[in-house]
Amino acid sequence: MCGITGFTGEVRALPILLRGLESLEYRGYDSAGVTLVSDKGLVTEKQKGRLADLEASLDLDAHSQTTGIGHTRWATHGIPSQLNSHPHTNEAETISIVHNGIIENYQTLKEELIKKGYIFHSQTDSETIVHLIDYYYQGDMMEAIGKTVKKLEGSYAICVVTTEHPDEVYVAKSQSPMIVGMADDGTYCASDIPAILEYTKDVIILEDGQMAKLTPHSVQILDFECNPLKVEFTHIPYDMTAAQKGGYDTFMLKEIYEQPEAIRETLRGRVEHGKIVLPQLDSIDMSDIQYVHLVACGTAYHACLYAQSLIQQWLDRIVTCVPASEFRYGYHHVDEKTLCIFVTQSGETADTLAALKMCKEKKGKTIAISNVLGSSISRIADETLYTCAGPEIAVASTKAFTTQLVLLTLVVLKLAEKMNKAPKDEDVILADLMRMPKIVEEMLALDGTMKKYADFLQDQHDAYFIGRQMDYISVQEGALKLKEISYVHADAYYAGELKHGSIALIEENTVVIALATQPEVAAKTISNIEETIARGANVILITTQNQEAPGFKNIIRIPDVHPVLANIPVTVLTQLFAYYGAVLKGRDVDKPRNLAKSVTVE
Ligand code: F6R
């Protein structure tokens, strides 16, 4: 969630550092800072607030230094403030560092350092790092960093500069991402790819336990013992335009509209002549598997609920679906007969990563579904299948979610095939999946209708989403999306549960979004909706082509599609509803308050 940029080269560092930080703004932050270095000393500037506040405090033309580091912080230890912002410097102002992650043993380290006479200026865990480096530094910065990181427990990506070697930048990492790239004018490092994509597409993705020394024309990778390592560059297939808004008002709307293409890409090569091709599942012998766990956070957890429903319908196995933050501390049985599936857009979510590591320790078989190539989770899981949604910049997950549903459908079908349990109408499901990009396009054509319905939220502070069976998964995702970007309180209820209490909340003009796409229960949901209409609710009904729903004013019918796939078109509609609800309320849609794109701390 914090962002790091670093540069050393032949041109001015400041504009490069700021531009890199701008491209990481989508990750969410509460303060920003830079250190520029030359043989005359360090210049450190940091500000609470937006990058624009930092820029306003800097005389941009005055700084000709060609080496520096930058940071955007999302507070974990210590409130958002100027003092707690990074970079942090040592007392002599000869070393400056930025840090992503959390140092779990920082209190102990801090006490030891204070006893040695070090003075702390911030409440952060990160400040211990700069004092430790200062303590260990005896002329060789890599050695000092190597000694420092060996004392740290927790997660970190660190970037360091010093006045002793003003044209060098040093990095080290464990459990927080860090990449390095080279171009003609200098050498770059960053916590995430968009920050350096403008300069190079060939990067080194550092592994845990690696450090790097950057000079204007070289990169040296070392382990923590300072032994040199040979590492390969990875070519990044994205281009920068994929990370720009491309004519839409927001990244979120752009990403909602990218769903047909994202789904097409996710299906590409995975269904050939009506057969599912997922070689990553070849090694899984379902006769060895007794339990299946599905683990993720937030929206990705809703994708797990969807997969759980499919597994319950098709596979004869005990399946649980648990948020990663609960799973990692729970008493869930995991052994070599357990298949654990982790779903994550970023591949970096701390709770999901911890749950994955726990399952590996207990010898469970692990599969990750991720959207980010080379992400931590994808590197650790036994097998990773990628959704091909492309970079998702808006904080609210949209195209990552629908591609997760698509890929999970294929995964569960494939596992069912292995057990000779594939549903009889598997061919219909596959044909409908292949039609899904077109179906989603039809949903996008209802943009204006969803915008009109979102106007119902004008004077409302609450909204209720109701549905049964698989629709209950879509209502949970619909409610989360509306909450997180519009700040309208939204709840998801089983339609049949309303009358057991929650119906007391329904009054004149209360907004209710009702989903009735599951043939066996749609009529029942519709009669539950009538109970809410009788109490004055403003109901928007999303149902199928043939479902009888006489007398409904606000009704949307999704195209004919196999019922297990109805969650996908329905989700596109609820995404648009949430989006226009947020626009109506004047929210910062791409960067909702208090949220970060990738939650890399617990
Ligand atoms: C909601 C949202 C979050 C993420 C969650 C997991 O729109 O984006 O709930 O789904 O933080 O993130 P990943 O999928 O990166 O593990």
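Residues numbered from 1 in each chain as written. Predicted model: local features only at pLDDT ≥ 70, side-chain atom pairs only at ≥ 80, totals over all residues. Heavy atoms only, no water.

Caption draft 1: Spotlight on the overall build of the chain. Regarding its fold elements, the chain presents 18 helices and 27 strands. Taking 25 Å as the expected radius of gyration for a compact globule of 602 residues, we find that the chain reaches 26 Å, a close match to that expectation. If one aligns the C-alpha atoms of the chain with their principal axes, the spans along those axes are about 80 × 55 × 45 Å. Buried positions account for 61% of the 602 residues belonging to the chain. Partitioning the contacts of the chain with sequence separation of at least 6, the portion at a separation of at least 24 is 70%. By element, 48% of the accessible surface of the chain is carried by carbon and sulfur atoms, the whole surface being about 23,000 Å². (Helix = DSSP H or I, 4+ residues; strand = E, 2+ residues; numbered from the N terminus. Rg over C-alpha atoms; globule rule 2.2 N^0.38 Å. Buried < 20%, exposed > 50% of the residue type's maximum accessible area, 1.4 Å probe, protein only. Contact = heavy atoms within 4.5 Å. Areas by Shrake-Rupley, 256 points an atom, 1.4 Å probe, with all protein chains shown as cover.)

Caption draft 2: View of the site of the ligand. The local shell around the ligand holds 13 residues, among which T344, Q345, S346, T349 and E484 are the closest. Within the backbone of Q345, an N or O atom sits 2.6 Å from an oxygen atom of the ligand. Elements supplying a minimum of two residues to the shell around the ligand: helix 9 (298-314) and helix 16 (470-486). If one sorts the elements of the shell around the ligand by residue count, helix 9 sits on top with 3 residues. (Near = heavy atom within 4 Å. Polar contact = N/O pair within 3.5 Å; in protein donor to acceptor, adjacent residues only side chain to side chain.)

Caption draft 3: Representation of the pairing of strand 9 (residues 179-183) in the model. One ladder, built from 5 bridges, connects strand 9 with strand 10 (residues 186-190); its direction is antiparallel. Bridging across to strand 10, G181 finds its partner in Y188. Hairpin connection, strand 9 to strand 10: the antiparallel pair is bridged by 2 residues. (Pairing = 2+ DSSP bridges.)

Caption draft 4: Structural detail: the pattern of salt bridges. With the rule as written, the count across this model stands at 18 salt bridges. The closest approach of N and O atoms between E225 and K150, which form a salt bridge, is 3.4 Å. Taken together, the positions of E225 in the loop between strand 13 (218-223) and strand 14 (228-229) and K150 in helix 5 (residues 141-151) put the pair 75 residues apart, joining distant regions of the chain. K150 sits in the partly exposed class, given a relative accessible area of 46%. (Salt bridge = Lys/Arg side-chain N within 4 Å of Asp/Glu carboxyl O.)

Caption draft 5: The arrangement of the packing of aromatic side chains in detail. The final tally for this structure, using the stated rule, is 9 aromatic pairs. Between Y464 and Y493, the aromatic rings sit 6.0 Å apart at their centres with planes inclined by 25°, giving stacked as the arrangement. Here the residue Y464 occupies a position in strand 23 (residues 462-467), and Y493 occupies one in strand 24 (residues 489-494), the gap between them amounting to 29 residues. Judged by its relative accessible area of 4%, Y464 is buried. In this structure, K116 is placed above the aromatic ring of Y135, and the distance from its NZ or CZ to the ring centre is 4.7 Å. The ring of Y487 is capped by R593, whose NZ or CZ atom sits 3.9 Å from the centre of that ring. (Phe/Tyr/Trp six-rings, centres within 6.5 Å; stacked < 30°, edge-to-face > 60°. Lys NZ or Arg CZ within 6 Å of the ring centre and 35° of its normal.)

Caption draft 6: Looking closely at the domain arrangement of the chain. If you check the domain split of the chain, you get domain 1 (3-244), domain 2 (252-443) and domain 3 (446-584). Between domain 1 and domain 2, the C-alpha centre-to-centre distance is 34 Å. (Domains from an automatic or database assignment.)

Caption draft 7: Structural context of the sheet that holds strand 24. Judged by pairing direction, the sheet is parallel, and its 5 strands sit side by side in the order 24-23-25-26-27 without closing on themselves. With one partner strand each, in any of the chains shown, strand 24 and strand 27 (555-557) form the two edges of the open sheet. Direction aside, the axes of adjacent strands within the sheet are offset by 15° on average. Note: strand 23 against strand 24, 6 bridges, orientation parallel. Within strand 24, the residue paired with D462 across the bridge is H489. Along the sheet, helix 17 (residues 522-533) contacts strand 23, strand 25 (511-516) and strand 26 (538-543); its crossing angle with strand 25, the most-contacted strand, is approximately 165°. (Axes fitted to C-alpha atoms, helices over the stretch in contact; angles between N-to-C directions.)

Caption draft 8: Fine view of the packing of helix 14 (residues 426-444) against helix 18 (residues 567-584). Their axes nearest at 9 Å, the elements helix 14 and helix 18 cross at an angle of 30°. Judged by the inter-axis angle, helix 14 sits roughly parallel to helix 18. As helix 14 packs across helix 18, the resulting crossing turns out to be right-handed. For the pair formed by helix 14 and helix 18, the contact residues are M436, I439, V440, M443 and L444 on the first element and I568, P569, V572, L573 and L576 on the second. (Parallel < 35°, antiparallel > 145°, perpendicular 65-115°, else oblique. Left-handed = near helix turned anticlockwise from the far one by under 90°.)

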